[in-house]
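# Breakdown of the fold
Take a look at the letters that make up each chain.
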Amino acid sequence: MFGYILRRLLWMIPTMFGITILVFTAIRLAPGDPATVMIGISSGGEMKGDVGYEERIEKFRHENGLDRPIWIQYLGFLGPFNIKPDGHPWFGGSGADPWGGLLVLDLGHEFQRKTMPIIEELGRRLQVTIPLSLISTLLIYLFALPMGIYSAVRQGTKLDAAMTVILFILYSVPTFWAGLMLILAFGASGLHWLPVLGLHSKDAADLATWPYIWDTIVHSILPIATLTYGGLAYLSRQMRVGMIEVIRSDYIRTARAKGLSEKVVVMKHALRNSLIPVITLFASILPILIGGSVIVEQVFDVPGMGRYAFEGLIARDYGIIMATTTFSAFMTLVGILLSDIAYAMVDPRIKYD
Amino acid sequence: MSERNGGMKRGEVLLEVTDLRTHFRGEEGVAKAVDGVSFKLLSGETLGVVGESGCGKSVTAMSIMQLVPQPPGFIAGGSIRFAGRDLLSMSIDEFRRIRGNEIAMIFQEPMTALNPVYRVGEQIAEAVRLHQGLDREASRARAIEMLDLVKIPSPEKRVDDYPHQMSGGMRQRVMIAMAMSCGPSLLIADEPTTALDVTVQAQILDLIRGLQQETGMSVLLITHDLGVVAEVSDHVAVMYAGKVVEYAAVADLFAQPRHPYTIGLLKSLPDLAAPGERLHTIPGTVPSAFHFPSGCRFRTRCPLASAECAEREPPLDELPDVGGHSVACHHLKEAEAL
C-alpha cells in the first residue's frame, strides 16, 4: 500500500505538468490582455491614443516577461529560473533575483499590487476557503449518509417520497439563486437573524476571543448552508440508490436467512457495501467545493480562493489564474488519491501493489 | 455439532405446508406465484420439489423462510407448521430465532450469496454467535470446524479468505458450512447445484447427503433437475403454475408417473441410450401467474384436456391403488396410456 501511494504521488508530477501546460496555453489564447487592463486601471481609465500609451504597454509587458516566447514564459511559471528582467542571466536577466517559478514555490507577484507575492495572498485566501469547504464536506457526509440509508430502508413510505421531492428540488436550485434567497430571508430585508456579508463584522478585530469566534460562526452559517445543500441532496440520493441496490442483493438475503436482525443486516452487511460508490464521490466533491465556491464567495462577499480566482480572471492576471487553477488541479488529484485509498480499505476485492 | 431433529424421530412429520398461498401485487394485478401448495416433509428425509422456472417452487421455499420481499409479496393464506409450531402466526422476532438456527437455507447463486466485504469465517461465525451465544474465539473455532466438515482443504487458512478468493464450488461449500453451523433440523436448498459445473454438482450433492446422514436433518431440495431429484430425494412434489400436481415416493414417481405434466417432464429428459432421436417437448409455455387458466392450470398444454378440465379444478387426491401417491388430474385412466 505504501509503495502504491508513493507511485501515485510520483504520477501526479507528469499529470500536473500536463494540466499546467494546458491551462497556461488556454488563458494566453483567450481574448483580453493584462497589459491593457492594467494600464487602464493604473492610469485611471486612460484609453488608447493617449500620450505614451504604447510605451507604457511595452514597458509593462517587458517587466512581466510577457514579451518573451510562450514556452519561455511557461518555463518562467514552472521555474526554477526567473525569466523577468531582474531574473537569471541565462535568460538575459540582471541576476538580482535568479530563481522563481512553481518549483521553488514562487508564483510571482500580482500585476496590480506589484509587491504582493501571489503565494502569500493565496495562503491567506485558503485559510478562509479550506475551513468552509471541510466543514461543508463534513456536513454533507454527516447528513447525506443517514438520510440516504433511512429513505432506502423505508423505501416507498410517505417520508421517503417527501424527502425525494425536497431533495430533488434542492438539487435543482442554482447556487447563486439559493444564496440570494437566503440573504433575502435571513438578512436585514427579511427576518434579520443573520449577517449576510463577509466573514466578520467591521469591528471584529476589537472583539475578545470568544465573541470573535461567535462572530465568525454567525457569519459562516449562510455561506456554509449554500455550499452544502446541493452536495447534500446529490450525495443522499446516491446513497439511497446504492443502498436500495445492495438491499436487493443475494448476500443480504443470506444475511437475513441467518436470522440476523434487520438492524444488523442493514448496518453491518448493507452499509459497508453501499458506501463503496459514495466514497468515490469524495474525489469529485472536495475540488468542486473548493473551486465551486467562486459563486458562493462572490454572493456572500467572502474573501476566499474562489473569489481570488474570479478577481484574477477579471484582471487577466495570469499569475493568479495559474496559481488558483494549479491548486485546484492539485486538490482534485489529492481527492482522487484519497478516495482510492478509502476504496481499498472498504472493499477487500481492491488490491493495490 | 449437535444432532437435532426438532426432537423428532425419523419418519414423523417435521414440516407440513397446507394450502400455502403467496401472492405478489404487480401492475397487471395480483400474481398468484404460489396458490394452494400442500406437502409434508418427514423427519430425516429429503423432499424434492421440481418444476419449470416460474412454477413457484422457489417462492415456496422463500415463504417458509419468510424471505419473500413484502411488499410486493404477501402470504394470502395457508399454514406452515414446523416441528409442531405454526411459523406464520409467529412474530418476526420469534421466527428469527428459528431462521438460520433450526431452519437454514442455501441458495442458487454461490457467486453472489456471500457478502464480498467480510471474510468467510466471520460470515459463518456470525450465525453461531447469534444463535448459540459463543464468543468470538469459540465461534471462529466453530467456523474452522464447519469448513473442515464441508471438506474445504486447510480450513484454518481458508477461514480468513474473502469470497472473491474462492471458486463457485468452494463458495457453495461455505454456504453449506454456514447453514450447517447451528445444526439445523431442516435444510432448504434452493437449486444448490444449478450454477455449478457438473463434476462440482455431484460433489455438492454428495456433501449434502453425507451431512444429512450424519445429522439426521431433513432436506427440502428445490430443483428443476429431475436427475438430481432421482439421486437424492425420498419423496417428490411436482409443481406446476403455483400448485403441486403430483406427490409421491421417488421410486413410485419415476416408475409410474400419473400426471400428464410429470409424464411429459420425464419424457423430455434426454435419453443417453437412444442417440439421434428428437427430444420430446411439452408444447406451449408456463402460463403467467397473473392470468392462470380456469380449472386445471395444465389444460392449455395437456394432450388429454377436456371440457371438465376447464370447469373444475382437479383436487390433489391420493390414488386408491398406491398409498402415498397423490395426483391432481381428472383423466388418470387416459394418462396411463401416455
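Residues numbered from 1 in each chain as written. Chains lettered and ligands numbered in written order. Predicted model: local features only at pLDDT ≥ 70, side-chain atom pairs only at ≥ 80, totals over all residues.

### Let's talk about the overall build of chain A
As a reminder of what qualifies: Note on conventions: DSSP H or I runs of at least 4 residues are helices, E runs of at least 2 residues are strands, and numbering of each starts at the N terminus. Every C-beta atom is placed from the backbone, and the number of other C-beta atoms within 10 Å of a residue's own sets its class: buried at 20 or more, exposed at 12 or fewer, partly exposed in between.
Along its length, chain A carries 13 helices and 0 strands. For chain A, the succession of helices and strands along the chain, N to C, is α-α-α-α-α-α-α-α-α-α-α-α-α. Dimensions along the principal axes, computed over C-alpha positions, put chain A at roughly 85 × 60 × 40 Å. Counting the 353 residues in chain A, one finds 34% classified as buried.

### Details of the overall build of chain B
Basically, it comes down to this: Each residue gets a C-beta atom placed from its backbone, and two residues are in contact if those atoms lie within 7 Å.
Of the regular secondary structure elements, chain B holds 13 helices and 12 strands. In terms of its C-alpha atoms, chain B occupies a principal-axis envelope of roughly 65 × 50 × 45 Å. Counting only residues that meet the buried cut, chain B has 49% of its 338 residues in that class. In chain B, the share of contacts with a sequence separation of at least 24, taken over all contacts with a separation of at least 6, comes to 66%.

### Observations concerning the sheet that holds strand β1 (residues 13-26) of chain B
Strand pairing in a sheet takes place through backbone hydrogen bonds and is either antiparallel or parallel in direction. Residue and element names in this part refer to chain B. How we decide: DSSP bridges decide pairing: two strands pair if at least two such bridges lie between them. Axes here mean lines fitted to C-alpha atoms, for a helix over just the part in contact, with angles spanning 0 to 180 degrees between N-to-C directions.
Taken in spatial order, the 4 strands line up as β2-β1-β4-β5 in an open sheet, and their pairing is antiparallel. The two strands at the open ends of the sheet, each matched to only one other strand, are β2 (29-42) and β5 (85-86). Here 10 bridges tie β1 to β2, and the two strands are oriented antiparallel to one another. Residue pairing for β2: Phe-24 is matched across the bridge by Ala-31. Packed on one face of the sheet, helix α1 (residues 57-65) meets β1, β2 and β4 (73-82) and runs near 75° to β2.

### Some words on the domain arrangement of chain B
The following threshold applies: Where each domain begins and ends follows an automated or database-derived domain assignment.
What the domain assignment reports for chain B is domain 1 (13-43 + 53-93 + 234-335) and domain 2 (107-181). With centres defined by C-alpha atoms, the gap from domain 1 of chain B to domain 2 of chain B works out at 34 Å.

### Overview of the nonpolar core
Here is a general trend for soluble globular proteins: nonpolar side chains tend to be buried in one another's company. As a reminder, the rule being used: Residues of type Ala, Val, Leu, Ile, Met, Phe, Trp, Tyr and Cys that are buried and joined through C-beta atoms within 7 Å form what is called a nonpolar core.
Core analysis: the largest hydrophobic core is formed by 128 residues, its most contacted members being Ala177(B), Ile188(B) and Leu220(B). When we break this core down by domain, the ones giving at least three residues each are domain 1 (13-43 + 53-93 + 234-335) and domain 2 (107-181) of chain B. Beyond its immediate stretch of four places on either side in the chain, Ile188(B) contacts Ala61(B), Ile64(B), Met65(B), Ile103(B), Met105(B) and Leu220(B). Of all hydrophobic cores here, the second largest spans 14 residues; its members include Phe77(A), Leu107(A), Ala309(A) and Phe327(A).

### Looking at the pairing of strand β9 (residues 235-240) of chain B
All names here are of chain B. For β9, the buried fraction is high: 6 of the 6 residues fall into the buried class. Side chains His-235, Ala-237 and Met-239 of β9 all project onto a buried face; the interleaved residues Val-236, Val-238 and Tyr-240 project onto the opposite face, where all are buried too. Where strand β3 (residues 46-50) meets β9, 4 bridges bridge the pair, whose relative direction is parallel. Its bridge partner lying in β9, Gly-48 is registered against Val-236. Bridging between β9 and strand β10 (residues 243-249) involves 6 bridges; their strand directions are antiparallel.

### A closer look at the sheet that holds strand β7 (residues 186-190) of chain B
Taken in spatial order, the 8 strands make up an open sheet running β6-β7-β8-β3-β9-β10-β12-β11 (chain B), and their pairing is mixed. For this open sheet the edge positions go to β6 (103-106) and β11 (317-318) of chain B, each flanked by a neighbour on one side alone.

### With respect to unusual backbone geometry
With a phi angle near 50°, Arg316(A) is a residue other than glycine that sits in the positive phi range. Note that Arg316(A) resides in the loop between α12 (305-314) and α13 (318-346).

### Considerations on the environment of Asp340(A)
Following the sequence through the fold, Asp340(A) ends up in helix α13. Once the C-alpha coordinates of Asp340(A) and Glu297(A) are considered, the two residues, 43 residues apart in sequence, prove to be 30 Å apart.

### Looking at helix α7 (residues 175-186) of chain A
Three or four residues apart is the spacing at which side chains of an α-helix point the same way, because the helix has 3.6 residues per turn. All names here are of chain A. Counted only if it meets this: Between the first and last residue of a helix there are one fewer steps than residues, each counted as 1.5 Å, and that sum is the expected span. Directions pointing from the helix axis toward each C-beta atom define the arc.
Given a rise of 1.5 Å per residue, 12 residues ought to cover 16 Å, and the 16 Å separating the end C-alpha atoms of α7 matches this to within 8%. Burial in α7 covers these residues: Gly-179, Leu-182 and Ile-183. In a view along the axis of α7, the buried residues occupy a sector of 100°, so they form one face of it. On its buried face, α7 is in contact with α8 (209-247) and α11 (293-299).

### Here's the deal with the interface of chain A and chain B
Keep this limit in mind: Classification convention: Asp, Glu, Lys, Arg as charged; Ala, Val, Leu, Ile, Met, Phe, Trp, Tyr, Cys, Pro as nonpolar; all other residues, Gly among them, as polar.
The interface is formed by 19 residues belonging to chain A together with 22 residues belonging to chain B. Of all the secondary structure elements, the ones that give two or more residues to the side of chain A that touches chain B are α9 (250-257) and α10 (262-291) of chain A. With 7 residues, the single largest contributor to the side of chain A that touches chain B is α9(A). When its residues are assigned to classes, the side of chain A that touches chain B shows 6 nonpolar, 6 polar and 7 charged.

### Some details on the confidence of the model for chain B
Residues and elements named next belong to chain B. To be explicit about the condition: pLDDT is defined as a per-residue confidence score from the predictor, taking values between 0 and 100.
Residues at a pLDDT of 70 or more form 96% of chain B, whose mean pLDDT is 85. Within the model, the stretch residues 1-5 combines pLDDT values under 50 with 14 contacts to residues more than four positions away or in other chains. Listed scores for the predicted complex are pTM 0.79 and ipTM 0.85.

### Observations concerning the packing of helix α1 (residues 2-29) of chain A against α13(A)
Two measures define how a pair of helices packs: the angle their axes make with one another and the distance between the axes. All names here are of chain A. How we decide: Working definition: roughly parallel below 35 degrees, roughly antiparallel above 145 degrees, roughly perpendicular at 65 to 115 degrees, and oblique for all remaining angles. What makes a crossing left-handed is the near helix being turned counterclockwise from the far one by less than a right angle; a clockwise turn instead makes it right-handed.
For the pair α1 and α13, the least separation of the axes is 10 Å and the interaxial angle reads 150°. If you check the angle between α1 and α13, you find them roughly antiparallel. α1 and α13 meet at a crossing whose hand is right-handed. Contact residues: α1 offers Ile-5, Arg-8, Met-12, Thr-15, Met-16, Ile-19, Thr-20, Val-23, Phe-24 and Ile-27, while α13 offers Tyr-318, Ile-321, Met-322, Thr-325, Thr-326, Ala-329, Phe-330, Leu-333, Leu-337 and Ile-341. By residue class, the composition of the contact of α1 with α13 is 15 nonpolar, 4 polar and 1 charged.

### Brief notes about the packing of α12(A) against α13(A)
Residue and element names in this part refer to chain A. Across the interface, α12 lies against α13 with an axial gap of 8 Å and an inter-helix angle of 145°. For the crossing formed where α12 meets α13, the hand is left-handed. On α13, the residues touching Met-305, Tyr-308, Ala-309, Glu-311, Gly-312 and Leu-313 of α12 are Ile-320, Ile-321 and Thr-324.

### Digging into the environment of Val120(B)
All names here are of chain B. Looking at where Val-120 falls in the secondary structure, it is placed in helix α4 (residues 120-132). Judged by C-beta crowding, with 28 C-beta atoms within 10 Å, Val-120 ranks as buried. The spatial distance from the C-alpha of Val-120 to the C-alpha of Ala-177 is 9.9 Å, given a sequence separation of 57 residues. Beyond its immediate stretch of four places on either side in the chain, Val-120 contacts Leu-114, Val-159, Asp-161, Pro-163 and Val-174.

### Brief notes about the environment of Glu122(B)
Residue and element names in this part refer to chain B. Within the fold, Glu-122 resides in helix α4. Residue Glu-122 is classed as partly exposed on the basis of its 17 C-beta neighbours within 10 Å. When the C-alpha atoms of Glu-122 and Gly-216 are compared, they prove to be 26 Å apart, with 94 residues separating the residues in sequence.

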